[in-house]
Number of protein chains: 2
Amino acid sequence: MAFWKKFFKNINMFNQDKNSINIKKEYLAEDLILIKHLENQGNHNDIYISTGKNINLYELEQLCDSVGWVRRPLKKVKLAIDHSFVTICVFYKNNKSKKLIGFARATSDTVFNATIWDVVIHPNFQGKGLGKALMDQIVIQLRYSDISTITLFADPHVVSFYRRIGFITDPDGIKGMFWYPR
Amino acid sequence: MAFWKKFFKNINMFNQDKNSINIKKEYLAEDLILIKHLENQGNHNDIYISTGKNINLYELEQLCDSVGWVRRPLKKVKLAIDHSFVTICVFYKNNKSKKLIGFARATSDTVFNATIWDVVIHPNFQGKGLGKALMDQIVIQLRYSDISTITLFADPHVVSFYRRIGFITDPDGIKGMFWYPR
């Protein structure tokens, strides 16, 4: 567990503000970023983000279950992740356990356009800025590849969230459109 | 030019209706579909669709120029095509020449979702049903892979075109959203 060795080596770099939330970002390894330290009634949780694709599919299924998404065959989920250009996972770790609490992925042509899918934060961890951190990170990854058109399709109840973090609906009258099997 | 041999062998299968347009589809080779025979003042043009990725980038640039799109580096265009899940080209061929007159591509995770980009028909060939044929073909290709969510972002002047061929705007209030570099 080379990562955790590095993780604990770096942990003292994080200062705690009065809300016990620290948003300083430190790169711990190529694809791992420690983003927050949450303290709640004496429990310490460290939140980090990973851009790796080595994702436990059962953990991902549990996470999607937690927000009530329709289940999808794990084999297909694996293929979708393999063929996504960027995947981002959010984990939390305390003394006892490590758990997947957030996820998002983007398909892309790798140079011009990207579309973000399957954005999810576990209900117990919503309202702590983790959705924003997740989205910031996916945008950073896509911008790193110089992708200029970053798109998504937002359910009505999350449109205002995406607006707050800089996404625009129907710019210049451009409309998102869907074709469904009939 | 094995394709053309096969192409001319099959050409007599096409009947001409009174508008000299025939929409009968014949598979000529694995990735080539003869879709229309157009006759205009004695000139015969055969229109076919290709799903191959062996695209002449200069021809594609000329096609995009014809509709006034901003030019993009060919190296990047090549990468985008290589990383698209489906690309569709529309060609016309008469006695004298063969020309790229339509194009579209889709990014996808290969199993769940796809987004269609860069849909273009040369202005001289618009209004002949080729846009619909192009879109039908891209949907067929995506449905062949059992992709259920087929999406696109439509400029205001083409929203009604996409509606006519079965695309829906903002279903259940889902909004297409964009993030642009600031």
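Counting from 1, residues in each chain are numbered in the order their sequence is written. Following the order in which they are written, the chains are lettered starting with A and the ligands numbered starting with 1. Residues qualify for local features only when their pLDDT is at least 70, as the model is predicted, and side-chain atom pairs are given and counted only at 80 or more; totals for whole chains, interfaces and linings, by contrast, use all residues. Processing note: side-chain calculations cover all non-hydrogen atoms of the structure and skip hydrogens and water entirely.

Caption draft 1: Fine view of the interface of chain B and chain A. Contacts are assigned to residue pairs that have any heavy atoms within 4.5 Å of one another. Each partner contributes to the interface: chain B provides 50 residues, whereas chain A provides 50 residues. Two parts lose some accessible area (1.4 Å probe) when they are put together, and adding that loss for both gives the buried area. When chain B packs against chain A, the two sides together hide about 4,700 Å² of surface, and 65% of this comes from carbon and sulfur. A side-chain nitrogen of Lys or Arg and a carboxyl oxygen of Asp or Glu constitute a salt bridge if their distance falls within 4 Å. Inspection of the region where chain B meets chain A yields six salt bridges. Put simply, Lys-175 of chain B and Asp-170 of chain A hold a salt bridge, and the shortest N to O gap is 2.9 Å. Mapped by element, the contributors of at least two residues to the side of chain B that touches chain A are helix H3 (74-82), strand S5 (98-108), strand S6 (113-121), helix H4 (130-144), strand S7 (149-154), helix H5 (159-164), strand S8 (168-169) and strand S9 (175-179) of chain B. Looking at the side of chain B that touches chain A residue by residue, the class counts come to 24 nonpolar, 14 polar and 12 charged. Pairing geometry for strand S8 (residues 168-169) of chain A and S9 of chain B, over two bridges, is antiparallel. Comment: elements are numbered from the N terminus, with helices defined as DSSP H or I runs of at least four residues and strands as E runs of at least two. Residue polarity follows a fixed list, in which Ala, Val, Leu, Ile, Met, Phe, Trp, Tyr, Cys and Pro are nonpolar, Asp, Glu, Lys and Arg are charged, and the others, Gly among them, are polar. Between any two strands, pairing holds if DSSP finds at least two bridges.

Caption draft 2: A look at H3 of chain B. Residues and elements named next belong to chain B. The complete set of buried residues in H3 reads Val-77, Ala-80 and Ile-81. Taken down its axis, H3 places every buried residue within 100 degrees of arc, on the same side. Packed against the buried residues of H3 are helix H2 (57-66), strand S4 (86-93) and S5. Three labels apply to residues, based on accessible area from a 1.4 Å probe with only protein chains included: buried if under 20% of the type maximum, exposed if over 50%, partly exposed otherwise in between. Read the arc as the range of directions from the helix axis to the C-beta atoms.

Caption draft 3: Representation of the relation of the copies chain B and chain A in the model. A least-squares fit on C-alpha atoms brings the copies together, and the residues used are those whose pLDDT is at least 70 in both copies. The two copies are related by a screw operation: chain B maps onto chain A through 180 degrees of rotation and 0.0 Å of translation along the axis, at an RMSD of 0.1 Å. Interpreted geometrically, this transformation is the action of a two-fold axis. When C-alpha positions in chain B are compared against the rotation axis, the closest is assigned to Gly-176 of chain B, at 2.1 Å. Same-surface contact between copies: 100% of interface residues of chain B are shared with the interface of chain A.

Caption draft 4: Just the packing of aromatic side chains, in detail. Under the pairing criterion, centres of Phe, Tyr and Trp rings, with the six-membered ring standing for Trp, must be within 6.5 Å; the plane angle then separates stacked pairs below 30 degrees from edge-to-face pairs above 60, leaving the rest tilted. Under the definition given, this model contains 15 aromatic pairs over all chains. Seen in terms of ring centroids, Phe-178 of chain A and Tyr-180 of chain A are 5.6 Å apart; in terms of plane orientation they differ by 20 degrees. Their pairing is stacked. Overall, the relative accessible area of 31% leaves Tyr-180 of chain A in the partly exposed class. An aromatic cluster is defined as three or more aromatic residues linked by ring pairs; in this entry it consists of Trp-117, Phe-153, Phe-178 and Tyr-180 of chain A together with Trp-117, Phe-153, Phe-178 and Tyr-180 of chain B. Each ring is checked for a lysine NZ or an arginine CZ that lies within 6 Å of its centre and within 35 degrees of its normal; such an atom marks a charge sitting over the ring. The side chain of Lys-98 of chain A reaches across the aromatic face of Phe-91 of chain A, ending 4.5 Å from its centre.

Caption draft 5: Inspection of unusual backbone geometry at higher detail. Residue and element names in this part refer to chain A. If you check the backbone angles, Thr-110 has positive phi at about 75 degrees while not being a glycine. The topology assignment puts Thr-110 in the loop between strand S5 (98-108) and strand S6 (113-121). A positive phi angle is found at Asp-170, which is not glycine, with a value near 45 degrees. Summarising the element assignment, Asp-170 is placed in the loop between S8 and strand S9 (175-179).

Caption draft 6: Expanded view of the packing of H2 of chain B against H3 of chain B. Residue and element names in this part refer to chain B. Structural elements are reduced to axes, namely lines fitted to C-alpha atoms, with helices fitted over the stretch in contact, and the angle between N-to-C directions of any two is expressed from 0 to 180 degrees. The N-to-C vectors of H2 and H3 enclose an angle of 100 degrees; their axes lie 11 Å apart at closest approach. The angle between the axes of H2 and H3 places the two elements in the roughly perpendicular class. The segment H2 lies against H3, with Leu-57, Tyr-58, Leu-60 and Glu-61 engaging Leu-74, Val-77, Lys-78 and Ile-81. Split into classes, the residues belonging to the contact of H2 with H3 amount to six nonpolar, no polar and two charged. Any angle from 65 to 115 degrees is called roughly perpendicular, while one under 35 is roughly parallel, one over 145 is roughly antiparallel, and all others are oblique.

Caption draft 7: Fine view of the confidence of the model for chain A. Mean pLDDT for chain A: 83, with 82% of residues reaching 70 or above. Residue-level confidence of the predictor, termed pLDDT, takes values from 0 up to 100. Across residues 1-30 of chain A, where pLDDT falls below 50, the model places 49 contacts with residues more than four positions away in sequence or in other chains.

Caption draft 8: Highlighting the pairing of S5 of chain A. Residues and elements named next belong to chain A. With nine of 11 residues buried, S5 is to be regarded as a mostly interior element. As paired elements, strand S4 (residues 86-93) and S5 share eight bridges and run antiparallel to each other. Across the sheet, residue Cys-89 finds its bridge partner in S5, namely Phe-103. In this structure, the hairpin formed by S4 and S5 is closed by a connection of four residues. In this structure, S5 lies alongside S6, joined through six bridges in antiparallel fashion. Note that in S6 the partner of Ser-108 across the bridge is Ala-114. The loop that links S5 with its antiparallel partner S6 comprises four residues; one of these, Thr-110, has a positive phi angle of about 75 degrees.

Caption draft 9: Just the pairing of strand S2 (residues 32-40) of chain B, in detail. By the criterion of burial, S2 of chain B is predominantly enclosed, with seven of the nine residues buried. Adjacent in sequence and paired antiparallel, S2 of chain B and strand S3 (residues 43-50) of chain B are bridged by two residues, among which Gln-41 of chain B carries a positive phi angle near 50 degrees.

Caption draft 10: Representation of the pattern of salt bridges within the structure. Inspection of the entire model under this criterion finds 20 salt bridges over all chains. The salt bridge partner of Asp-109 of chain B is Arg-105 of chain A, with a shortest N-O separation of 2.8 Å. With Asp-109 of chain B in the loop between S5 and S6 and Arg-105 of chain A in strand S5, this residue pair bridges two chains. Classification of Asp-109 of chain B as buried rests on a relative accessible area of 0%. Among the residues examined, Arg-105 of chain A registers a relative accessible area of 2% and is labelled buried. With a shortest N-O distance of 2.8 Å, Lys-132 of chain A and Asp-136 of chain A are connected by a salt bridge. Placement of the pair is Lys-132 of chain A and Asp-136 of chain A together in helix H4 (residues 130-144), with a separation of four residues, close to one helical turn. Within the structure, one salt-bridge network assembled from shared partners comprises Arg-72, Arg-105 and Asp-118 of chain A together with Asp-109 of chain B.

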